[in-house]
Amino acid sequence: MNGIDPLHITGPGYVIPPGVFDLSATLDDAIRSSCAAPVRGGVEAHPIFAFIAALGGMGSRVGDVCRGLGLAFDSGAVLGRCRINYDAPLTVDTRYDVATSVVALERKSSRRFGAADHLTLGMTVSAGGNRRARVRLTTIMPALT
(Lines give C-alpha, C1' and ligand atoms only; values in the text may rest on other atoms or scores of the structure.)
Protein backbone atom coordinates (compact mmCIF):
# COMPACT_ATOMS: atom_id res chain seq x y z
CA MET A 1 0.00 0.00 0.00
CA ASN A 2 2.98 2.27 -0.54
CA GLY A 3 3.49 3.68 2.92
CA ILE A 4 -0.07 3.25 4.16
CA ASP A 5 -0.20 0.88 7.10
CA PRO A 6 -2.69 -1.86 6.16
CA LEU A 7 -3.23 -2.61 9.86
CA HIS A 8 -4.55 0.92 10.22
CA ILE A 9 -7.23 0.09 7.66
CA THR A 10 -8.37 -3.32 8.79
CA GLY A 11 -6.94 -3.35 12.28
CA PRO A 12 -8.90 -4.09 15.41
CA GLY A 13 -11.38 -1.42 16.37
CA TYR A 14 -11.81 0.26 12.98
CA VAL A 15 -15.35 -0.42 11.86
CA ILE A 16 -17.72 1.58 9.72
CA PRO A 17 -20.97 1.34 11.66
CA PRO A 18 -24.14 0.21 9.94
CA GLY A 19 -26.79 2.79 9.19
CA VAL A 20 -30.33 3.21 7.91
CA PHE A 21 -32.09 5.25 5.26
CA ASP A 22 -35.82 5.94 5.21
CA LEU A 23 -37.09 6.32 1.65
CA SER A 24 -40.45 8.08 1.73
CA ALA A 25 -42.85 8.62 -1.16
CA THR A 26 -42.52 12.36 -0.54
CA LEU A 27 -38.74 12.22 -0.97
CA ASP A 28 -39.07 10.15 -4.14
CA ASP A 29 -41.61 12.66 -5.51
CA ALA A 30 -39.25 15.55 -4.75
CA ILE A 31 -36.29 13.90 -6.50
CA ARG A 32 -38.42 13.05 -9.54
CA SER A 33 -39.70 16.61 -9.71
CA SER A 34 -36.21 18.12 -9.39
CA CYS A 35 -34.91 16.23 -12.44
CA ALA A 36 -38.09 16.13 -14.53
CA ALA A 37 -38.33 12.34 -14.18
CA PRO A 38 -41.65 10.62 -14.84
CA VAL A 39 -44.14 10.51 -11.98
CA ARG A 40 -43.98 7.28 -9.98
CA GLY A 41 -46.66 4.81 -11.08
CA GLY A 42 -46.55 2.45 -8.10
CA VAL A 43 -44.18 1.81 -5.21
CA GLU A 44 -40.91 1.59 -7.16
CA ALA A 45 -38.55 4.47 -6.30
CA HIS A 46 -36.36 6.31 -8.78
CA PRO A 47 -33.16 4.27 -9.40
CA ILE A 48 -30.93 7.11 -8.11
CA PHE A 49 -32.03 6.11 -4.62
CA ALA A 50 -29.55 3.24 -4.63
CA PHE A 51 -26.80 5.89 -4.55
CA ILE A 52 -28.68 8.27 -2.24
CA ALA A 53 -29.57 5.51 0.24
CA ALA A 54 -26.01 4.15 0.25
CA LEU A 55 -24.43 7.52 1.04
CA GLY A 56 -27.26 8.89 3.15
CA GLY A 57 -27.59 5.70 5.17
CA MET A 58 -23.90 5.12 5.91
CA GLY A 59 -23.18 4.98 9.62
CA SER A 60 -20.35 7.51 9.03
CA ARG A 61 -19.75 10.19 6.45
CA VAL A 62 -17.24 9.48 3.69
CA GLY A 63 -15.00 12.30 4.94
CA ASP A 64 -15.03 10.92 8.47
CA VAL A 65 -14.07 7.46 7.21
CA CYS A 66 -11.19 8.94 5.20
CA ARG A 67 -9.99 10.98 8.19
CA GLY A 68 -10.33 7.93 10.44
CA LEU A 69 -8.02 6.06 8.09
CA GLY A 70 -5.46 8.88 8.23
CA LEU A 71 -6.15 10.11 4.69
CA ALA A 72 -6.01 13.73 3.48
CA PHE A 73 -9.71 14.15 2.70
CA ASP A 74 -9.65 17.86 3.58
CA SER A 75 -6.83 18.53 1.10
CA GLY A 76 -9.10 18.12 -1.91
CA ALA A 77 -10.88 14.79 -2.25
CA VAL A 78 -12.60 14.04 -5.56
CA LEU A 79 -14.98 11.33 -6.71
CA GLY A 80 -12.97 8.83 -8.72
CA ARG A 81 -15.56 6.21 -9.62
CA CYS A 82 -18.99 4.99 -8.69
CA ARG A 83 -20.48 1.66 -9.70
CA ILE A 84 -24.04 0.65 -8.82
CA ASN A 85 -25.40 -2.87 -9.12
CA TYR A 86 -29.13 -3.34 -8.66
CA ASP A 87 -30.39 -6.61 -7.16
CA ALA A 88 -34.03 -5.51 -6.87
CA PRO A 89 -35.88 -2.21 -7.19
CA LEU A 90 -35.99 0.08 -4.18
CA THR A 91 -39.49 0.94 -3.04
CA VAL A 92 -40.97 3.97 -1.32
CA ASP A 93 -42.05 4.00 2.32
CA THR A 94 -39.30 1.51 3.13
CA ARG A 95 -36.49 1.61 5.68
CA TYR A 96 -33.18 0.40 4.26
CA ASP A 97 -30.21 -0.99 6.14
CA VAL A 98 -26.83 0.13 4.85
CA ALA A 99 -23.64 -1.84 5.51
CA THR A 100 -20.32 -0.28 4.49
CA SER A 101 -16.81 -1.67 4.35
CA VAL A 102 -13.39 -0.72 3.03
CA VAL A 103 -12.86 -2.65 -0.21
CA ALA A 104 -9.47 -1.24 -1.22
CA LEU A 105 -6.95 1.45 -0.42
CA GLU A 106 -4.24 2.02 -2.99
CA ARG A 107 -1.60 4.67 -3.48
CA LYS A 108 -1.13 5.61 -7.13
CA SER A 109 0.72 8.24 -9.08
CA SER A 110 -1.46 11.20 -10.02
CA ARG A 111 -1.07 14.04 -12.53
CA ARG A 112 -3.14 16.26 -10.26
CA PHE A 113 -1.72 15.35 -6.83
CA GLY A 114 1.67 13.74 -7.56
CA ALA A 115 0.68 10.76 -5.45
CA ALA A 116 -2.90 9.98 -4.51
CA ASP A 117 -4.71 7.61 -2.19
CA HIS A 118 -7.67 5.82 -3.77
CA LEU A 119 -10.17 4.60 -1.17
CA THR A 120 -12.93 2.30 -2.38
CA LEU A 121 -15.91 1.74 -0.12
CA GLY A 122 -18.46 -1.00 -0.69
CA MET A 123 -22.02 -0.31 0.46
CA THR A 124 -24.90 -2.75 0.52
CA VAL A 125 -28.47 -1.47 0.69
CA SER A 126 -30.97 -4.03 2.05
CA ALA A 127 -34.53 -4.20 3.29
CA GLY A 128 -35.98 -7.03 5.35
CA GLY A 129 -32.75 -8.97 4.96
CA ASN A 130 -32.93 -8.82 1.16
CA ARG A 131 -30.19 -7.06 -0.77
CA ARG A 132 -31.49 -4.36 -3.10
CA ALA A 133 -28.35 -2.60 -4.34
CA ARG A 134 -24.57 -2.59 -4.07
CA VAL A 135 -22.57 0.60 -4.50
CA ARG A 136 -18.79 0.90 -4.88
CA LEU A 137 -17.51 4.42 -4.40
CA THR A 138 -13.89 5.42 -4.96
CA THR A 139 -12.67 8.66 -3.45
CA ILE A 140 -9.29 10.05 -4.51
CA MET A 141 -7.28 12.46 -2.39
CA PRO A 142 -3.69 13.70 -2.23
CA ALA A 143 -1.35 11.32 -0.43
CA LEU A 144 0.11 12.55 2.81
CA THR A 145 3.88 12.44 2.70
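Heads up: the structure comes first, above all this text.
Before going into details, it helps to say that this report is about the structure given with it. (Residues numbered from 1 in each chain as written. Predicted model: local features only at pLDDT ≥ 70, side-chain atom pairs only at ≥ 80, totals over all residues. Heavy atoms only, no water.)

**As for the sheet that holds strand 5 (residues 130-142)**
Move 1: The strand order across the open sheet formed by 5 strands is 1-3-4-5-2, and the pairing between neighbours is antiparallel. The open sheet terminates on both sides in strands that have one partner only, identified here as strand 1 (19-23) and strand 2 (78-86). Averaged over neighbouring strand pairs, the angle between their axes works out to 25° when direction is ignored.
Move 2: One ladder, built from 8 bridges, connects strand 2 with strand 5; its direction is antiparallel. Paired with Asn85 across the strands is Arg134, a residue of strand 5.
Move 3: Helix-sheet contacts for helix 3 (residues 49-57) involve strand 1, strand 2, strand 3 (94-110), strand 4 (114-127) and strand 5, and the interaxial angle to strand 1 is about 140°. (Pairing = 2+ DSSP bridges. Helix = DSSP H or I, 4+ residues; strand = E, 2+ residues; numbered from the N terminus. Axes fitted to C-alpha atoms, helices over the stretch in contact; angles between N-to-C directions. Contact = heavy atoms within 4.5 Å.)

**Points about the side chain of Asp117**
Move 1: Counting through the fold element by element, Asp117 comes out in strand 4.
Move 2: Owing to a relative accessible area of 2%, Asp117 belongs among the buried residues under this scheme.
Move 3: Polar side-chain contacts of Asp117 include one of 2.7 Å to the side chain of Arg107. (Buried < 20%, exposed > 50% of the residue type's maximum accessible area, 1.4 Å probe, protein only. Polar contact = N/O pair within 3.5 Å; in protein donor to acceptor, adjacent residues only side chain to side chain.)

**Concerning the pattern of salt bridges**
Move 1: A full pass over the atoms with the stated rule returns 10 salt bridges.
Move 2: The shortest N-O distance in the salt bridge between Asp29 and Arg40 comes to 2.8 Å. Of this pair, Asp29 sits in helix 2 (residues 25-34) while Arg40 sits in the loop between helix 2 and helix 3, and the two are 11 residues apart along the sequence.
Move 3: Exposure remark for Arg40: the relative accessible area of 18% places this residue in the buried category.
Move 4: When the shortest N-O distance is used, the salt bridge between Asp87 and Arg131 registers 3.1 Å. With Asp87 in the loop between strand 2 and strand 3 and Arg131 in strand 5, this residue pair connects regions lying 44 residues apart in the sequence.
Move 5: Taking the relative accessible area as the measure of exposure, Arg131 reaches 43% and is therefore partly exposed. (Salt bridge = Lys/Arg side-chain N within 4 Å of Asp/Glu carboxyl O.)

**So, the nonpolar core**
Move 1: Among the nonpolar cores identified, the biggest contains 29 residues, and Leu23, Leu90, Leu119, Leu121, Met123 and Val125 are the most heavily contacted of them.
Move 2: Looking at this core, the elements with two or more residues in it are strand 1, helix 3, helix 4 (62-68), strand 3, strand 4 and strand 5.
Move 3: Beyond its immediate stretch of four places on either side in the chain, Leu23 contacts Asp28, Ala45, Phe49, Leu90, Thr91, Val92, Asp93, Thr94 and Tyr96. (Core = buried A, V, L, I, M, F, W, Y, C linked by side-chain atoms within 4.5 Å.)

**Quick word on the pairing of strand 5**
Move 1: Here strand 4 pairs with strand 5 via 12 bridges, running antiparallel. The residue bridging Val125 from the neighbouring strand is Ala133, located in strand 5.
Move 2: Taking the residues between adjacent antiparallel strands as the criterion, strand 4 and strand 5 are bridged by 2 residues, where Gly128 takes a positive phi near 60°.

Any link to function would need more than the numbers given here.
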